[in-house]
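Chain and residue survey
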Amino acid sequence: MTPKAPMPKSLSAGLVFLFAAALQSSAVADELKATGDLRWHRGNMHTHSHWSDGDDYLEAIAMWYRDHDYDFLVFTDHNVLPTTERWVDVEKSKGGRKAFDKLKAKFPDWVEERETEGRLEVRLRRFDEVSERIAVPDEFLLIQGEEISDKYESYPIHMNASHVREVLKPRGGNSVHEVMQRNLDAVMAVRKETGQPTMIHLNHPNFGYAVTAEDMVPLVGERFFEVYNGHPGVHNSGSEQRASTERIWDIVNTKRLVDFDLPLMYGLATDDGHSYHNIPSRASEPGRAWVMVLAETLSPEALIESLEAGRFYATNGVMLKSIITTPKSLTVEVGAKPGETYTIDFIGTRKGFDPSSKPVVGDDGKELHTTRVYSADIGTTLQSSEGEKATYTFQGDEIYVRARVTSSADHPNPSEIGDKQQAWVQPVMGPGGAKSASQEPATGGGRRKSK
Ligand SMILES: [Zn+2]
Ligand SMILES: [Zn+2]
């Protein structure tokens, strides 16, 4: 409508304010909580078995997760899919006689064995056989995946593809960044060709200190990386000279939003389990870390849609009731456990931050291949409080904001000794983060309501 005569300034400003307020309250809050058909689904997206370097059989591993209150599990062996006929020597297999005897005790009617030149062999069950036997509709879902295990020089570069049909070969490349980008491109091409939503995430960047924040910043097509991996050898917390995965996360998101027209990267927590027979120990074991994904149905398509929309959180023990984003604020509520107290931190980067950085120099005076040192403006703690619920109100200049909940309770079987139980809330764009048309401010930075 076009007013015939200009309104008094104060009245027009008042109307604009009312109009804006109505807009804000009518639509754009994004509430992540279980309601109606929406449920939180607990899942682990990084799992090894006898198909590569794990020490148990797919069906035994699936039963472990089913018995421990998980809703879904992605098998991700190194550069292989469990789709072919494969026999292994029982004694030479990683789990040896022990895993075999346990398998026979658990599945007496199902184990196929034979003797070859006096050696006992067992057939590894394929994914389709295991899924048919163990999965339960609407209760427990198995997803076929692969850990694309690539490298650049001596740096291991591993990326998990979840929900794949055909094995994906590592693509290689001439830098750490290029290796990742080429594998991403390959997965995106297959996804486009087949129409099957395959999700790819970067694993354990600090394993072998292979992947730096700078390597990750310009990645096109990557929306996920592991902020917490349960394997005790992956250095989630970094070292004196090396950035932690959380520090990497903040650098990556700040630079992706400010220097590039790229969406926020989300943080996953996974087990990366290899060892299933002596829990707890300091080996890489199941049950250390997982994601909670909000979706109406338990299917690979629905889970991946929610993950890509940021409708999930990562955790190694802390459970959340709700995560509510509005144009003005971000609110987190903990599903508190008796005897525990919680610290809720809101972390982000504000406009006007100091973007300078310098390299890390080793004892020999040479620059280290590692994430550079940035100012404390990047990934700064915006607010910290004790309690089971906290709201952060945007001040207007936040580029993005994320939250982390830390319990007073130790992790019972951590990746690194001394880890507390934590939950990582996904970053949302702040009012100061809208750079391009492809990003939506405040209401979740790409977090969209599911249909
Ligand atoms: Zn790996
Ligand atoms: Zn792995």
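Residues numbered from 1 in each chain as written. Chains lettered and ligands numbered in written order. Predicted model: local features only at pLDDT ≥ 70, side-chain atom pairs only at ≥ 80, totals over all residues.

**Looking at the confidence of the model for the chain**
- Mean pLDDT over the chain: 92, with 90% of residues reaching 70 or higher.
- Looking across the chain, the model is least confident in helix α1 (residues 9-26), with a mean pLDDT of 41, and most confident in strand β16 (residues 342-350), with 99.
- Across residues 1-27, confidence stays below pLDDT 50; counting only partners more than four residues off in sequence or on other chains, it has two contacts.
- Low pLDDT (under 50) marks residues 436-451, which in the prediction has 49 contacts with non-local residues, meaning those over four places away or in another chain. (pLDDT = per-residue confidence, 0-100. Helix = DSSP H or I, 4+ residues; strand = E, 2+ residues; numbered from the N terminus. Contact = placed C-beta atoms within 7 Å.)

**Some thoughts on the sheet that holds strand β15 (residues 329-334)**
- Reading across the sheet, the four strands line up as β1-β14-β15-β20 and stay open at both edges, with antiparallel pairing between neighbours. Across the chains shown, the open sheet's two edge strands, defined by having one partner strand only, are β1 (30-33) and β20 (389-393). Neighbour-to-neighbour, the strand axes of the sheet open up by a mean angle of 5°, direction not taken into account.
- As paired elements, β15 and β20 share five bridges and run antiparallel to each other. In the sheet register, E333 faces β20, and the bridge partner there is K389. (Pairing = 2+ DSSP bridges. Axes fitted to C-alpha atoms, helices over the stretch in contact; angles between N-to-C directions.)

**With respect to the packing of helix α2 (residues 58-67) against helix α4 (residues 127-134)**
- As a packed pair, α2 and α4 sit with axes 10 Å apart at the nearest point and diverge in direction by 35°. α4 is crossed by α2, and the crossing has right-handed handedness. Residue-level contacts link L58, E59, A62, M63 and R66 of α2 to V130, R133 and I134 of α4.
- In the contact of α2 with α4, the residues fall into five nonpolar, no polar and three charged. (Left-handed = near helix turned anticlockwise from the far one by under 90°. Nonpolar A, V, L, I, M, F, W, Y, C, P; charged D, E, K, R; others polar.)

**Some thoughts on the environment of D345**
- Inspection of the secondary structure assignment puts D345 in strand β16.
- Under the C-beta neighbour-count criterion, D345 is labelled partly exposed, with 19 such atoms within 10 Å.
- Separated by 45 residues in sequence, D345 and A390 have C-alpha atoms that sit 8.8 Å apart.
- The contacts of D345, once residues within four sequence positions are left out, are T381, S384, A403 and R404. (Buried ≥ 20, exposed ≤ 12 C-beta atoms within 10 Å, placed from the backbone.)

**Points about the sheet that holds strand β4 (residues 86-89)**
- If you trace the three strands from one edge of the open sheet to the other, you get β4-β6-β5, paired in antiparallel fashion. Lying at the two open borders of the sheet, with one neighbouring strand each, are β4 and β5 (113-116). With strand direction ignored, the average angle separating the axes of adjacent strands in the sheet is 40°.
- As defined by bridge partners, β4 adjoins strand β6 (residues 119-124) across four bridges and the pair is classed as antiparallel. Across the sheet, residue R86 finds its bridge partner in β6, namely L124.

**Structural notes on the environment of L294**
- With respect to the helices and strands, the residue L294 is situated in strand β12 (residues 290-295).
- We classify L294 as buried; it has 25 C-beta atoms within 10 Å.
- Residues L294 and R311, 17 residues apart in the sequence, show an inter-C-alpha distance of 5.8 Å.
- Setting aside chain neighbours within four positions, we find L294 in contact with L32, L38, W40, S306, R311 and F312.

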